[in-house]
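# Examining the three-dimensional arrangement
Residues per chain are reported as follows:
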Amino acid sequence: MYKQILNRDTTLNEYCIVRTNDNACIPFDPDNKDYQEYLKWLAEGNTPEPADE
Amino acid sequence: MPIQTAADSISNSAGSPYGFKNRIINGAMAIDQRNSGSSTTPSGDAYNLDRWQAASGTAGSWFTFQQSNVVPANFTYSLSILSTGANSVSSGSIYVLQQRIEGYNVADLGYGSSDAKPITISFWIRGSVTGTYGLVVTNGAMTRAYPITYTINSANTWEYKIVTISGDTSGTWLKDNGIGMRLVFQLGTGSSNTLTAGTGWVTPSGGAYGVTGTTNLSATNAATLYITGVQVEKGSQATAFDYRDYGNELRLCQRYYYQRNIISTSTDYIAVLQCFNTGGVYGKLFDLPVTMRATPTGSMSSITHFRASTSGGNGTTSFSAGSIDVLSPAAVGTQGWSGISGLTGGNATVITASTVPSWIAVSAEL
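Residues numbered from 1 in each chain as written. Chains lettered and ligands numbered in written order. Predicted model: local features only at pLDDT ≥ 70, side-chain atom pairs only at ≥ 80, totals over all residues. Heavy atoms only, no water.

## What to know about the overall build of chain A
- A tally of helices and strands in chain A yields 1 helix and 3 strands.
- Relative to a compact globule of 53 residues, whose C-alpha radius of gyration would be 10 Å, chain A shows 11 Å and is just as compact.
- Evaluated residue by residue, chain A yields a buried proportion of 42% over its 53 residues.
- Summarising the internal contacts of chain A: among those between residues at least 6 apart in sequence, 32% fall at separations of at least 24.
- Accessible surface, chain A as shown: approximately 3300 Å² in total, 47% of it carbon and sulfur.
- Across chain A, the 5 positively charged side chains and the 11 negatively charged ones have centroids separated by 4 Å. (Helix = DSSP H or I, 4+ residues; strand = E, 2+ residues; numbered from the N terminus. Rg over C-alpha atoms; globule rule 2.2 N^0.38 Å. Buried < 20%, exposed > 50% of the residue type's maximum accessible area, 1.4 Å probe, protein only. Contact = heavy atoms within 4.5 Å. Areas by Shrake-Rupley, 256 points an atom, 1.4 Å probe, with all protein chains shown as cover. Lys, Arg positive; Asp, Glu negative; His and termini not counted. Charge placed at Lys NZ, Arg CZ, Asp CG, Glu CD.)

## What to know about the pattern of salt bridges
- Throughout the structure, instances matching the rule amount to 15 salt bridges over all chains.
- Ionic pairing is found between R51 of chain B and E365 of chain B, a salt bridge with its closest N-O pair at 2.5 Å. Of the two residues, R51 of chain B is situated in the loop between β1 (46–47) and β2 (53–55) and E365 of chain B in the segment after β21 (358–363); the sequence distance between them amounts to 314 residues. Neither residue differs from the other here; R51 of chain B and E365 of chain B are each classed as buried.
- Notably, a salt bridge pairs K161 of chain B with E159 of chain B, separated by 2.7 Å at the nearest N-O pair. E159 of chain B matches K161 of chain B in its accessibility class, with the two residues each being buried.
- Overlapping salt bridges bring together R19, D22 and D34 of chain A as one network. (Salt bridge = Lys/Arg side-chain N within 4 Å of Asp/Glu carboxyl O.)

## Let's talk about the interface of chain A and chain B
- Facing the 16 residues of chain A at the interface are 20 residues of chain B.
- Of the roughly 1300 Å² buried between chain A and chain B, counting both surfaces, carbon and sulfur atoms make up 48%.
- Connecting chain A to chain B are 0 salt bridges.
- Where chain A touches chain B, the interface holds 8 residue pairs in polar contact (both at pLDDT 80 or more).
- Secondary structure elements with two or more residues in the side of chain A that touches chain B: β2 (16–19), β3 (24–27) and α1 (33–43) of chain A.
- Looking at the side of chain A that touches chain B element by element, the count peaks at 4 residues for β3 of chain A.
- For the side of chain A that touches chain B, the class distribution of residues is 6 nonpolar, 4 polar and 6 charged. (Buried area = accessible area lost by both parts, 1.4 Å probe. Polar contact = N/O pair within 3.5 Å; in protein donor to acceptor, adjacent residues only side chain to side chain. Nonpolar A, V, L, I, M, F, W, Y, C, P; charged D, E, K, R; others polar.)

Put into structure tokens, the structure is as follows:
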């Protein structure tokens, strides 16, 4: 459902998460509706896939 | 001579003939950034025309949406809604067409206070199934709602509907960049999510996605509904539709969604980015035409639709990895697109599409 991504220096991108069904990048902005849905998904006990190495 | 105040001459409770009279964006159904006139049959919440969301809860693909030129006089477009089957609703069903209005755009209505003003909703509608239909005005959280009915009297005939409702003096109504108000057209909603008409403003105990006992278009196979000229204005009088020029209407939509369509692989340069090694680039792709409501979600047709120029001209291979992952309300970029070769680290390179149509989109919908 969601997957972490890496920056070009291979550190973890801490500003957005990828929604895997459409590869959209969702920013960690509380006003963003997609981020609100991601938070709800996390609250249900889910965890995102780790980023590809 | 007494000084005349604005309140004497132009009552704040009246609608204004100037400026942003219609609080609905894309009420004339002219803007279609996502689909350019193509139909969509969504299985979940989705937008066909800009700002108009089909919200389906757990329902399936019950409707096909498309911009249409079946219109009443003096309009160019409508939104066509076609039922894909005879889908009878269960009590928990939800299928609506709604517009979520930003709080900034309804703040002056004074909802949630003793200064709340009436609003008048007007629209043109043409349906193949006659009957009484449901419409609901709610606050953002749907903790306050005003259920309304309207009637389609004659099949396949354009009819103009006007409804005036009182302002809501209770509840929490956002006046910022959150959802200030929802206008909800019922298409297929079950009894657990409907309200009783004629009760004025209520605090729903369940959902507020329709009106009890009204027609659900979803139940009739191949039923059609066309709608356009949707207007929500302050005051108790319906006035002429607030016709806005195309450019301004487009910009109003782009506060919530923007799609950069790339129309040529050779003459439509997207950006100049910096190479961080021989196979990857990063940087700002472009500024957004309008400051968006919030930091948007970024997406693209496919990373493989984009390429970078090398010393020999346009790259012959496309990127294979990367996303729209640098996002702000004003601009979009990438931390890194990679998977090609022939670049020189530290140099700049021109980004083009390797195939068209291709697109980059950002969404800050409510």
